[in-house]
Amino acid sequence: MSATLAKGLNSFKEVIDAPIASFFSSCVHCGLCAEACLFYTETGDAQFTPIHKLEPLRRVWREEYTLLGKLGKLLGLSKPLTDAELTEWEPLVYDSCTLCGRCAMVCPVGNDLTYMIRKLREGMSSSGHAPEDLIGATTRSITIGSPMGIKWPAVLAQIKHVQAETGIEVPVERAGADYLVLMSSMEIINFPEYLSALSRIFKQAGVTWTLASDAFEATNSGIQIGASDLAREIVSRIVVAAERLKVKCVISPECGHAFTALRWEGPNLMGKPFGFEVKHILEVLDELHKAGKLKTKGKDKRPLTYHDPCQIARRGGVVEQPRRLLSEVAADFREMPDAGVMNWCCGGGGGVSANSRAEPLRLQVFKHKITQIEATGVQTLITACANCRIVMEEGLEHYHMNIEVIGLTELLAEYLVEDNAP
Amino acid sequence: MKLAEKPDILPGTVGEGLAQRGICRREFLQFCTALTALLALPPTMTVAMAEAISKARRQSVIWLSFQECTGCTESITRSHTPTLENLIFDLISLDYHHTLQAASGEAAEHARELAMKDNFGKYLLIVDGAIPMGNPGFSTIAGISNYDMLMEAAKGAAAIVAVGTCATFGGIPKADPNPTGAVAVSDIIKDKPIINVPGCPPIPVVMTGVLAHFLTFGSIPELDSLGRPKSFYGETIHDHCYRRPFYDQGKFAQTFDDDAARQGWCLFKLGCKGPVTYNVCATTKWNDGTSFPIQSGHGCIGCSEPNFWDAGPLYEALSMPISATASMLGTAAAVGTAAGAAITWHNRSTKAAAKAAHEKVTVQELIREDK
Amino acid sequence: MNHLHLLTFARGSALNWALMLCVAGIVLRLFEIFGLGRKTDLAKPRINSPGSGWHTIFSRSLPPQGMLKREPVTYIGGYVFHLGLLTAILFFAPHIELIRSMTRLGWPSLPSPLVDASVVASIIALGVLLAHRLNNPVKRLLSGLCDYLAWTATLLPLLTGYMAYHHLFIEYTLMLALHIFSVDLLLVLLPFTKLFHTFSVFISRWYNGDIFGRKGVAS
C-alpha cells in the first residue's frame, strides 16, 4: 500500500465542505492575505500568497462541486490535477505555512485560509506529497509514541530528576486526579524546567494531578502533516488515559499545536464530545491565580515581552491570561507591536520547525520577530509554547542576538510563594 | 405691391397662385424666413427660396391613405387655418386625396390615374398609413389592395413622402401583435427617394416644410439614418424642453396631480419619452405654437419614434424594466432551487463516494511508491 | 434596429432574462455552497466569546490593525469603489424607482450631484485598482481572465450610467440602452464569477467569525 494521486484527490473531495465552498466563492483575488503572511512580507515572493497555496484545493472544488466547473470538466476545458503539480505545491503548503491564521484575520471576505490549508494537507499527505521529515515525525509518533522518538523511560528519568530537585513527588497514574498533565517532546528533552515548575505550583495550589505512562506526549504530528486518521490515533491515546484515570481536566502543555489538536480538533477526530475538559496550562494557572491558589511574591525587574504563540492566542483564545499572570511577576512588561491575536508567528509552527528542508526560509522570515523584539528593547522574551521557544532560540542564535527565552510557567514558578520552600 | 403686378410672374406657377390669392411679397417672405429657419438653412437662402417657390410650377401631388386614422390629414388641414401653411396647398395640385377630394368612386380613381399618367416621373407621392401584407383584403380602396396601389403609384413618383408614424415605421397597425402584417412604405419601396415625416400625427409645419423644400430645391432635404429630415428630427424633445432644468436638478413630478406636477417639474418619472424622442415639438409646438403635450402636463409618448407603441409602458420611467415581474423572479428562484437541488444531490453523491473510497491512512501510506 | 429598439430590448427581454439568470444563478450557487454541508463542531465552544459569525460580518468591514498602512491602495481604493457603487445603485433616484417598481420598497434619494461625485470617485478607484492589480506582484499572480472580466463588467454600468446622465459622446437613447445592457451583463455574470462575493461574503465572513468565535477570538 502506498500514497497515490487518486487517494489524494479522494481526500480533497472528502474535506471540501460548505465553509470552504463559501471561501473560494468569495475570494476576489485582492491579495491582502499576502500582506498578513510572514513568508510573503519577509521575502516579497508572491508565490507565498496564502490563497495561492490553496490552488490545488480550489481546482478540485471548482471541478467537482460547481456547475460551471462540472461543465468545464465534462467538455474537457479543465485539466485535472497532476502529481507534478502537487509536487510543485508541496513546499508552498508545508514549508511556507505555519497554520498561524494571521491571513484568516485579515481576509476582507472572511476566508479562513488556515482551515483550508489544514484540509488541503489531508490530500497532500494521502497523495504522498508531505515533506519527508514530517512523515518521519508522524511515523515515530505512531510507532514509538512521540515525534522525537521519546519513550516513557526518558520521562521517568526526568521525573526522578525533578523529584530530586524539588523534593516533590510527581504523581503517575493517579486515578481520580483533577488534572492529567501532558508534555511535549520538546519539554521532555529541552525544557525540564516545565515539569518542575508545574509540580511546585500544583503542590502549592493543592490540586491533584497525574501523568499517564501511555499518554504523556501532547504533540500531534498527524495534525501537522494533515492526516486525520493518524491524528485520531494519537489523540485517542490521551482520551483513553483521561477516561481511564477519570480526570476532570487534561492540561495541554506549553505547546501551540498540541492545544489545537486536543482542544479543538480532538473531539471532532474522536467523533464525540469529551467527558473531560481540555485546558491550556495558562488557563489553568490563571484560574488558580484568580482563586487565590497561586500566589507570587516579588517582581522580575528585567524588561520583558511576551510572544503570543499563534495556536494559543489567535487560534486558541488564550490572550488575556498570560497578561494577567505576567502583570503579577513582571515589573517592566512591554507589549510587542501587533501583540495578541494579530501577533506574528515565530515561523516554525504547523510542522515547519520539524521540516529541515524549510530551515533556510524559516530563518529568513524570523527577521520579522527580531524587528518586533527590538521594538520593545527587551533582553528577555517570555512565551508559552515550547516549539516557539526552540524556534526563537535557534533564530536568535542564528542572528547572534543575546536574548533569553523563558516559558511563562517557569517564570511564574520562580516567584511562587511556597509555604515550605526547600 | 401685389405679386401679380410683378412682371416675372409666370403663368401656372406658385407665384401666380399666390398672386391670385392676394398674398403680398412681404407675407410670403415672412413665411419663407420661417421655413428657412425651420429647415436650418442659412438666412441668406430666404430670398432664393421665395424666388424658387414663386417660379416653381404647381407640383402635382398624389396622397394615398392606407391603414391610418386620418389623424395626419386632420393635422395638416385643420390646425393652422388660415395661415400660409394651409394655403400652400392651393399652390400645389393635390390631384388625389380620397378624404379631401370632392370626387368619389370611379371619378376619384380616374383622377388619380390621370394625374399619374400626365405627370409620370414628376409627381410627388404622399402616403399616410401602413400597408397590410397579411391579407390584401385587410385594406382596399376601390377594390385595389393598398400594396398594389402603392406599387403602381410609386412607379411614376419623383419622390415619396411617408407622412405619419404608420407610413414611416408601421406605427400603431404594426404594433404587437401586428394582426395585419403591417409594414412601412420604406419596407417595400426600395428604388425611390423616401422622406419619412413621422409623428402621430406629424407637426403640420414639418409636413409643409418638407414640401417647401422639395418645391424650392427640387430635391429632398438631408435625411438621418431613419430617413427623417435632419432639420426637424436632429435633436430630442428633452434637449429643448422647457422643463429640462428640473430634470437636471432632480426635481420630478411623482404623480400627475402632486405639487411638483403643479409647479411644472419634470415628467420623466411619469414616463415621459422626451429623452429618446427626436422631434421639434418643444420648439415648434402645436396649434399655431400654442402648446405641446409636456406643456399641457402630460409626458411625451414618443409617437414619432419607431415602435413607440411597444417601447414599454407609457407611464413608466424610461429607466424602468418593461415587463419584469416579481413572479418572473419567483419562477427563476424556483428553477434555481430545482437546479440547486440537483447539483446538491450530485455533489453529495460525489462526496459520499469519496468517503466510501477512503482507505484509512497508515504511516506506510504517507509515501508514494515511486519515491 | 434603431436605438429605441435597443433600449426596449435592453430593459425588456434582455433585462428579464438577465434578472432570471441572476436570481436562478444566485439560488443555485447558494445550494452549491450550503449543500456541501458542515460537520457539527463537537469541541466545546468557549462561553462568553467576544466573537461570533454575526460579529465578523460587520467587523471585517474595517481593516485589521496595521493593514491599512501595509496596503493603503487596496483598502482606500476598495472603500471608495464599493461605497461609490453602493451610493449609485441605492441612492440614485431612477434606481430607487426601479427597485420600488419591482419590490414596492423605496427610500429617499440623494441629490444627483452627490451621486454623480460618488460615481466619478468609484470609476477613478476602479482605475487605480486595475493599475494596482497589474503592478502588484501578488495581485498579478492571482489574476486571471475572470478577474479582468469582472472588472470590466463592473466598470461598464458606472461608465455608461455616467455618460448617459451627462449626455456625453453618444446620443441618450443609445447610451441608456448600453447602460442597461451593461447592467444585464453584470447581472448574468454576478452569480458565476467572483462577483458572487456580493452574496457569499456574508456566508464566508459568518463562517470565519464562527470558527474564531468558538475559540474565544473576535475576528
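Residues numbered from 1 in each chain as written. Chains lettered and ligands numbered in written order. Predicted model: local features only at pLDDT ≥ 70, side-chain atom pairs only at ≥ 80, totals over all residues.

1. Structural notes on the overall build of chain C
Helix and strand counts for chain C stand at 11 helices and 0 strands. What you see in chain C, going N to C, is helices and strands ordered as α-α-α-α-α-α-α-α-α-α-α. C-alpha extents for chain C along the principal axes are approximately 65 × 40 × 35 Å. Among the 219 residues that make up chain C, the fraction classed as buried is 47%. Pairs at least 24 residues apart make up 77% of the contacts formed inside chain C by residues separated by at least 6 positions. (Helix = DSSP H or I, 4+ residues; strand = E, 2+ residues; numbered from the N terminus. Buried ≥ 20, exposed ≤ 12 C-beta atoms within 10 Å, placed from the backbone. Contact = placed C-beta atoms within 7 Å.)

2. Quick word on the overall build of chain B
When its secondary structure is counted, chain B shows 17 helices and 9 strands. Against the 2.2 N^0.38 benchmark of 21 Å for 371 residues, chain B shows a C-alpha radius of gyration of 30 Å, more extended than a compact globule. Seen through its principal axes, chain B has C-alpha atoms that stretch 120 × 50 × 45 Å. Taken over 371 residues, chain B has a buried fraction of 44%. Contacts spanning at least 24 positions in sequence make up 69% of the contacts within chain B whose residues lie at least 6 apart. (Rg over C-alpha atoms; globule rule 2.2 N^0.38 Å.)

3. Examining the domain arrangement of chain B
Residue and element names in this part refer to chain B. Domain assignment breaks chain B into domain 1 (1-57), domain 2 (59-232) and domain 3 (237-310). Just the C-alpha atoms count here: the centres of domain 2 and domain 3 sit 28 Å apart. Contact residues are listed per partner, giving 16 residues for domain 2 and 14 residues for domain 3. Among the secondary structure elements, those contributing two or more residues to the side of domain 2 that touches domain 3 are α8 (164-169) and α11 (204-217). Across the side of domain 2 that touches domain 3, the residue classes break down as 10 nonpolar, 5 polar and 1 charged. (Domains from an automatic or database assignment. Nonpolar A, V, L, I, M, F, W, Y, C, P; charged D, E, K, R; others polar.)

4. Examining helix α12 (residues 152-166) of chain A
Residue and element names in this part refer to chain A. The end-to-end C-alpha distance of α12 is 21 Å, a good match for the 21 Å that 15 residues give at a rise of 1.5 Å each. Within the sequence span of α12, burial applies to Val 155, Gln 158, Ile 159, Val 162 and Thr 166. One face of α12 carries all of its buried residues, which in axial projection span an arc of 110 degrees. Exposed positions of α12 whose direction lies more than 90 degrees from the buried face are Pro 153, Ala 157, Lys 160 and Ala 164. Tucked into the core, α12 has its buried residues touching α13 (185-189) and α14 (193-205). One or two steps after α12, the chain reaches Gly 167, where phi turns positive at roughly 75 degrees. (Expected span 1.5 Å × (residues − 1). Arc of directions from axis to C-beta.)

5. Let's talk about the sheet that holds strand β2 (residues 209-210) of chain A
All names here are of chain A. In space, the 4 strands of this open sheet follow the order β2-β1-β3-β4, with parallel pairing throughout. Every other strand in the sheet has two partners, leaving β2 and β4 (277-280) as the edge strands with one partner each. With 4 bridges joining them, strand β3 (residues 249-252) and β4 adopt parallel strand pairing. Bridge assignment links Ile 251 to a residue of β4, and that residue is Lys 279. Seen against the sheet, helix α17 (residues 256-270) touches β3 and β4 and runs at an angle of roughly 145 degrees to β3. (Pairing = 2+ DSSP bridges. Axes fitted to C-alpha atoms, helices over the stretch in contact; angles between N-to-C directions.)

6. Examining the interface of chain C and chain A
In this assembly, 48 residues from chain C lie in contact with 48 residues from chain A. When residues of the side of chain C that touches chain A are traced back to their parent elements, those giving at least two are α2 (13-34), α4 (67-70), α8 (137-142) and α11 (197-214) of chain C. With 10 residues, α11 of chain C is the single largest residue contributor to the side of chain C that touches chain A.

7. Overview of the packing of helix α8 (residues 83-95) of chain A against helix α10 (residues 113-126) of chain A
Residue and element names in this part refer to chain A. It is at 11 Å that the axes of α8 and α10 come closest, and there the two elements cross at 140 degrees. One way to sum up the angle between α8 and α10 is to call them oblique. Seen along the crossing, α8 lies across α10 with a hand that is left-handed. Residues Leu 86, Glu 90 and Val 93 of α8 form the contact with α10, whose participating residues are Ile 117, Leu 120, Arg 121 and Met 124. Class assignment for the residues of the contact of α8 with α10 results in 5 nonpolar, no polar and 2 charged. (Parallel < 35°, antiparallel > 145°, perpendicular 65-115°, else oblique. Left-handed = near helix turned anticlockwise from the far one by under 90°.)

8. Observations concerning the packing of helix α3 (residues 45-55) of chain B against α11 of chain B
All names here are of chain B. In the contact formed by α3 and α11, the axes pass within 8 Å of each other and the chain directions differ by 80 degrees. Relative to α11, α3 is oriented roughly perpendicular. Taking contact as the criterion, the partners of Met 49, Ala 52 and Ile 53 in α3 are, on α11, Ala 212, Leu 215 and Thr 216. Partitioning the contact of α3 with α11 into residue classes produces 5 nonpolar, 1 polar and no charged.

9. Thoughts on the environment of Thr 56 of chain C
Relative to the helices and strands, Thr 56 of chain C is located in helix α3 (residues 53-59). Judged by C-beta crowding, with 25 C-beta atoms within 10 Å, Thr 56 of chain C ranks as buried. On a C-alpha basis, the gap between Thr 56 of chain C and Met 175 of chain C in space is 40 Å, while along the polypeptide they are 119 residues apart. Apart from the residues lying within four places of it in its own chain, the contact partners of Thr 56 of chain C are Gly 110 of chain A together with Gly 51, Arg 205, Trp 206, Asn 208, Gly 209 and Ser 219 of chain C.

10. So, the nonpolar core
Grouped together as the largest cluster of nonpolar side chains are 294 residues, with contacts concentrated most on Cys 33, Leu 180 and Val 250 of chain A together with Ile 62, Leu 125, Val 127 and Ala 162 of chain B. Here this core gets 15 residues from one element, more than from any other, and that element is α2 of chain C. Each residue touching Leu 180 of chain A, except ones within four places of it in the same chain, is listed here: Thr 210, Ala 212, Ala 241, Ala 242, Leu 245, Val 247, Val 250 and Ile 251 of chain A. (Core = buried A, V, L, I, M, F, W, Y, C linked by C-beta atoms within 7 Å.)

11. A closer look at the sheet that holds strand β5 (residues 300-306) of chain A
All names here are of chain A. The 4 strands are arranged β6-β5-β7-β8 in an open sheet whose pairing can be described as parallel. Lying at the two open borders of the sheet, with one neighbouring strand each, are β6 (330-334) and β8 (404-407). The average angle at which neighbouring strand axes cross in this sheet is 40 degrees, direction not considered. With 4 bridges joining them, strand β7 (residues 380-383) and β8 adopt parallel strand pairing. When the sheet's bridge partners are listed, Thr 383 is paired in β8 with Gly 407. The sheet strands contacting helix α22 (residues 386-398) are β7 and β8, and the helix crosses β8 at an angle near 175 degrees.

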